[in-house]
Amino acid sequence: QELPAVAVGRRLKSDSVDVVRAADDLGVAQAVAHLASLGHRDIAFVDGGRGTIASDRRRGYRQAMRGHGLAERIRIIPGDHTEEAGMRAAPGLLTSPATAVVASNDRCAVGLLDRLARLGVTVPGSMSVVGYDDSMLARLGHVALTTVSQDAPGQAEAAITLLAERLD
């Protein structure tokens, strides 16, 4: 007999595996909406590279920018899920107008914050930065990053509930 399975944080297509994951596209859309509500119109996105999660987050950014009437201002900067990607992205943000940035994850956002500080750019004074994941990095006092939460406890609870239902 096959044991019940639940995947957390990954997209799988299988009738035998339940999947619990964040709605990454909606999370990024919330970040864009937050920045737009603050008056930002030039909102860039530091991409997460290849993979399903990165693709979902990139799609959420594009849809949100279009939804806020900012389609002509869509700006996706190549990156990945590392601090180095954020550091590489920072100088490019200064060469063309960007008053706000959504980073594909908190690690990327922390690298971006570090490089912006070294370049003399104040955050949130001159530029606003939003991360994604709500990681421990974002909560550090010297980082104090605005970030989108994936509600890890809620995902864990949902996974346990699904697993219990499958066992029943």
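The text that follows walks through the structure, step by step, so that each part is easy to find. Treat the numbers as computed from the prediction; the structure is a model and nothing was measured.

## Quick word on the pairing of strand β3 (residues 43-46)
- Residues Ile43 and Phe45 point to one face of β3 and Ala44 and Val46 to the other, with burial holding for every one of them.
- Of the strand pairs in this sheet, β3 and strand β4 (residues 75-77) are connected by three bridges, and their pairing is parallel. When the bridges of β4 are listed, Phe45 appears paired with Ile76.
- On the question of chirality, the crossover connecting β3 to the parallel β4 by way of helix α2 (residues 52-67) is right-handed.

## Some words on the pattern of salt bridges
- A complete count under the given rule lists eleven salt bridges for this structure.
- Residues Asp80 and Arg88 are paired through a salt bridge, measuring 3.4 Å at the closest nitrogen-oxygen approach.
- Residue Glu83 pairs with Arg107 through a salt bridge whose shortest N-O separation is 3.0 Å. Of this pair, Glu83 sits in helix α3 (residues 83-95) while Arg107 sits in helix α4 (residues 106-118), placing them 24 residues apart in sequence.

## Considering unusual backbone geometry
- With omega at 10°, the peptide bond leading from Val123 into Pro124 counts as cis.
- For Asp133, which is not glycine, the phi dihedral falls at a positive 135°.
- Its place among the elements puts Asp133 in strand β6 (residues 128-133).
- For Asp134, which is not glycine, the phi dihedral falls at a positive 60°.
- With respect to the helices, strands and loops of the structure, Asp134 is situated in the loop between β6 and α5 (136-139).

Definitions and cut-offs
Residues numbered from 1 in each chain as written. Predicted model: local features only at pLDDT ≥ 70, side-chain atom pairs only at ≥ 80, totals over all residues. Heavy atoms only, no water. Buried < 20%, exposed > 50% of the residue type's maximum accessible area, 1.4 Å probe, protein only. Helix = DSSP H or I, 4+ residues; strand = E, 2+ residues; numbered from the N terminus. Pairing = 2+ DSSP bridges. Right-handed = clockwise from strand over helix to strand, strands pointing away. Salt bridge = Lys/Arg side-chain N within 4 Å of Asp/Glu carboxyl O.

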